[in-house]
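# Chains, contacts and geometry: an overview
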Amino acid sequence: MTSSSSAKTLVKTILKTPQTLKTKFQAKQLHAQFLKTQPHSPSSTSILISIYTNFNLLQDSLFLFNSLSPPPLPAWKSIIKCYANSGLFLNCLTCFIQMRGFGICPDHKMFPFVLKACVFLKNLRLGESIHGCIIRLGWDFDLFTGNALLNMYAKFQSLEVNGGYKVFTFNMLDGMPKSDELCERLAQEKGKSVIQLDSVTKVFKMMPQRDVVSWNTVIAGNAQNGMYEEALKMVREMGNANVKPDSFTLSTILPIFAEYADIMKGKEIHGYAIRHRFDSDLYIGSSLIDMYANCAQIEDSCHVFNLLPQRDDISWNSIIAGCVQNGMFDEGLKLFRQMLMAKVTPREVSFSSVMPACAYLTTLHLGKQLHGYIIRGRFDDNVFIASSLVDMYAKCGNIKAARWIFDQMEHHDMVSWTAIIMGHALHGHAYDALSLFEQMEKDGVKPNYVSFIAVFTACSHAGLTDEAWKHFKRMSQNHGITPGLEHYAAMADLLGRAGKLEEAYEFISSMHIAPTGSIWSTLLSACRVHKNLELAEKVAKEIFKIDPGNVGAYILMSNMYAAARRWKDAAKMRIFMKKKGIRKEPACSWIEVKNRVHTFISGDKSHPLYDRIFKALKDLMERIEREGYIPDTNEVFHDVEEEQKKYLLFSHSERLALAFGIISSPAGTTIRITKNIRVCVDCHTAIKFMSKIVQREIIVRDNSRFHHFKDGECSCRDYW
DNA sequence: GTAGGGTTAG
């Protein structure tokens, strides 16, 4: 035999057993040999196409496919599969329709790919037409086709439940017939019968045989539609039908227990996963991380994460989101950095999960860095990300940037509206917040529980009691939202700040749920501001009944007694605290300079630049005293000499942070300070003077709102 | 042919 004839035989043998080819390179070698030795028959070309499509080599497959005129069924099959596997669903469908145009009868193995394409392109109409075609050809009894139909209807049901779907308009592909027309033709062929949306059940019931995939598909369909009980019922029925749950089943039902925060059931599933060796499965891993995090068992989430043999972007994101949602902000940011170092590319979800950490910690430089990433990744039109950016900029003191991002957004959902309303509320822009709320309702976006908290916060910072009452009534009457603890707290706070102390007392006493210590505490601090010691004593009694270890209440009472010069009562409170081992949280302020956060505690001398800070502060104090500042020593609640009181005020944490900010940043730049408790009255006055003297905008975020100091004035107009 | 993670408050 000559060498060319032996090559010919070899090629023939390989074409009969294409599965023997293990690499793309071998496939290309075969192609080269084929060109030299074989006649170009459509069937042998089709085999080569199928070899290329098995390696997902779309370009090579297409090259051969286009050489066939007309291509036989096997070639269509391969190319449709290859398009679907490459995620080119529009091409996949157009190809299918074009094949039908040639009068070629489809093969049942094509349907799963084509139906998947209909799901991806959200084209129910075409999917139904194809279902008609499947019935006419008698392939509806095929297990794989049935499963694909189940999946398609389940996904369309989800789209229907979760906010509707759009029918995708086809574009013309080069050289392909106009798909709209073909689509129409198929629909006409099918006749007028319309398959209803509850088709999942119909298809499922009519299937002559069902495997674990059929059950999983229906269970997932229910779970994704929020029909959790139905999904769990199906799992039990699946057991009765002697079909064992697999890793797909588990990762589908774990999110249900996460949603229910049912740790017992979640742990049961975890145990089952371990027994069946599913616990190293990536999908189950991320579901477990999320389930534990939702049940506030973040240590267990970390444990699962650490034991995962490999991690993908979703498992990273589950742990990051879990940490952030459980208040472990530093840990969340650390994990985000670790994810980048592990060369895992962050996705949209990663940014919206980690951003609240920057918002909470007021780390503007990190937030800006993430924003840079987001812009480079072109993720800025994602509504989740945009909302988290609005919130981050607002919380970091830059309400202008927050508003700019909000205004740039193409579509606003309830969360983005709420974020910007809350942003303005925290900055004391009550009227902006209320007009945005009005605009939101005009746009037909329904406010939720949180939106009303934002509205009351806005009213609270401007003393708009009538407006607040109006919205409080509308909330339940027009929106069917039952007031919760947060709403009561915001209203109580609002009435208290406005000096309507008795009204607030009545309001809290008549709540339809039992008031908590913290709700009474808002009134207690109002009593301090409005110097009503008599009511304060009454309120404190209520607090100690519910929450005997309430630190804030002891301190407030002690301070109020001290202000009234009732030193013995003040001391009593402090002794009581000592006996009970209750400790006051130290006042703390922090400031970001050159991408580093510097923390100051009241009276703190530990900063390496303390001497310079002290000198600068002393100099500033002398200058503002010349401008007319008089220290308000009423704010110092110790029985000490006036000079000593002045010194105590002098070393308040926000002043140390401010002096540091002034000496370590260029003249004219805005200074942003965050404080863990409320700014005291005297510091508030001092900072107003300082903003004028140093000609800088000073933004202070305390635990309740923002104060923008400029030219001797504060945005809160001294109402806070 | 089937599965997992996100934004507003607290």
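As a convention, each chain's residues are numbered from 1 in the sequence order in which they are written. Going through the entries in the order they are written, you letter the chains from A and number the ligands from 1. Local features in this predicted model are restricted to residues whose pLDDT is 70 or higher, and side-chain atom pairs enter the listing and the counts only when it is 80 or higher, whereas totals over whole chains, interfaces and linings include all residues. Side-chain measures here rest on the full set of heavy atoms in the structure, leaving out hydrogens and waters.

### Looking at the overall build of chain A
Counting its secondary structure elements, chain A contains 37 helices and 6 strands. Relative to the compact-globule value of 27 Å for 720 residues, chain A shows a C-alpha radius of gyration of 34 Å, a clear excess of over 25%. The principal-axis extents of the C-alpha atoms in chain A amount to approximately 115 × 55 × 50 Å. To sort residues, take the accessible area from a 1.4 Å probe on protein chains only and compare it with the maximum for the residue type: under 20% means buried, over 50% means exposed, and anything in between is partly exposed. Within chain A, buried positions represent 51% of all 720 residues. Here a residue-residue contact requires only that any non-hydrogen atoms of the pair lie within 4.5 Å. Of the contacts formed within chain A by residues at least 6 apart in sequence, a portion of 64% connects residues at least 24 apart. In this description a helix means any DSSP run of H or I spanning at least four residues, a strand means any run of E spanning at least two, and both kinds are numbered starting from the N terminus. Here the globule rule reads 2.2 Å times residues to the power 0.38, and the radius of gyration is calculated from C-alpha atoms.

### So, the UniProt feature "repeat: PPR" (unreviewed entry) in chain A
UniProt positions are given in the numbering used here, feature names are shortened, and annotations may be inferred rather than shown by experiment. What UniProt calls "repeat: PPR" (unreviewed entry) maps, in this numbering, to residues 211-245, 312-346 and 413-447. Counting secondary structure, residues 211-245 comes out at 74% helix and 0% strand; the distance between its end C-alpha atoms is 11 Å. Spanning residues 312-346, this segment combines 74% helix with 0% strand, and its end C-alpha atoms are found 10 Å apart.

### Looking at the protein's contact with DNA strand B
When we say a residue is near a molecule or strand, we mean one of its heavy atoms is within 4 Å of it. Near DNA strand B, the surroundings consist of 51 residues, among which Asn147, Asn216, Ser286, Ser352 and Lys395 are the closest. Restricting attention to atoms of DNA strand B within 4 Å of the protein, one finds that 45% of them are sugar or phosphate atoms. N or O atoms within 3.5 Å of each other form a polar contact, as long as, within protein, one can give a hydrogen and the other can take it, and as long as residues adjacent in sequence are counted only when both atoms are side-chain atoms. Side-chain polar atom of Gln325 to a phosphate oxygen of DNA strand B: 3.3 Å apart, as the coordinates give it.

### Comments concerning the pairing of strand 5 (residues 706-710)
In terms of residue burial, strand 5 counts as a mostly covered element, since 4 of its 5 residues are buried. Strands pair, by our definition, only if DSSP identifies at least two bridges between them. Hairpin connection of strand 4 (residues 698-701) to strand 5: 4 residues between the antiparallel strands. Between strand 5 and the antiparallel strand that follows it, strand 6 (residues 713-714), lie 2 residues; Asp711 among them carries a positive phi value of about 50°.

### Let's talk about the sheet that holds strand 1 (residues 588-593)
As summarised here, the arrangement of the 6 strands in space is 2-1-3-4-5-6, forming an open sheet in which the pairing is mixed. Lying at the two open borders of the sheet, with one neighbouring strand each, are strand 2 (596-601) and strand 6. Taken together, the 4 bridges between strand 4 and strand 5 define a ladder with antiparallel strand orientation. Within strand 5, the position partnered with Arg701 by the bridge is Phe706. The sheet contacts of helix 36 (residues 653-664) involve strand 1, strand 2, strand 3 (671-675) and strand 4, and relative to strand 1 the element is tilted by about 15°. Note on geometry: axes are lines fitted to C-alpha atoms, helical ones only across the stretch in contact, with angles between N-to-C directions running from 0 to 180 degrees.

### A few points about the packing of helix 29 (residues 501-509) against helix 31 (residues 533-546)
Relative orientation of the contacting elements helix 29 and helix 31 amounts to 20°, with a least axis distance of 12 Å. As the angle between them shows, helix 29 and helix 31 are arranged roughly parallel. Both helix 29 and helix 31 take part in a crossing whose hand is left-handed. Touching Leu501, Glu502 and Tyr505 of helix 29 are Leu535, Lys538, Val539 and Glu542, all from helix 31. Taken together, the residues of the contact of helix 29 with helix 31 break down into 4 nonpolar, no polar and 3 charged. For classification, angles of less than 35 degrees are called roughly parallel, those exceeding 145 degrees roughly antiparallel, those between 65 and 115 degrees roughly perpendicular, and all remaining angles oblique. Each crossing is labelled by how the near helix is turned from the far one, with a counterclockwise turn of less than a right angle marking it left-handed and a clockwise turn marking it right-handed. Gly counts as polar in this scheme, as do all residues outside two lists: the nonpolar Ala, Val, Leu, Ile, Met, Phe, Trp, Tyr, Cys and Pro, and the charged Asp, Glu, Lys and Arg.

### Some details on helix 31
Expected helix span is given by 1.5 Å per residue-to-residue step, counting one fewer step than there are residues. Here helix 31 spans 20 Å end to end across 14 residues, near enough to the 20 Å set by a 1.5 Å rise per residue. If you check which residues of helix 31 are buried, you get Leu533, Leu535, Ala536, Val539, Ala540 and Ile543. For helix 31, the arc enclosing every buried residue in end-on projection is 145°, short of the 170-degree limit, so these residues lie on one face. Every exposed residue of helix 31 that faces more than 90 degrees away from the buried side is listed here: Glu534, Lys541 and Lys545. Where the residues of helix 31 are buried, they touch helix 29, helix 30 (517-529) and helix 32 (551-563). Each direction from the helix axis to a C-beta atom contributes to the arc, which is the arc of those directions.

### Describing the pairing of strand 2
For strand 1 and strand 2, the ladder comprises 6 bridges, and the chain directions are antiparallel. From the neighbouring strand, Ser589 faces strand 2, where its bridge partner is Phe600. Hairpin geometry of strand 1 and strand 2 is characterised by an intervening segment of 2 residues between the two adjacent antiparallel strands and by a positive phi of about 50° at Lys594.

### Notes on unusual backbone geometry
Between Ser69 and the following residue, Pro70, the backbone shows a cis peptide bond with an omega angle of -5°. Backbone geometry places Asn56, a non-glycine residue, at a positive phi of 55°. Relative to the helices and strands, Asn56 resides in the loop between helix 3 (42-54) and helix 4 (58-65). When its relative accessible area of 34% is taken as the criterion, Asn56 is described as partly exposed. Positioned with a positive phi, Asp711 is a non-glycine residue whose angle comes to about 50°. Structurally, Asp711 is set in the loop between strand 5 and strand 6.

### Notes on the environment of Ile601
Residue placement: Ile601 occurs in strand 2. Taking relative accessible area as the criterion, Ile601 reaches 38% and is therefore assigned partly exposed. Separated by 19 residues in sequence, Ile601 and Leu620 have C-alpha atoms that sit 19 Å apart. Ile601 has contacts with Pro586, Ala587, Cys588, Ser653 and Leu656, leaving out every residue within four places of it along the chain.

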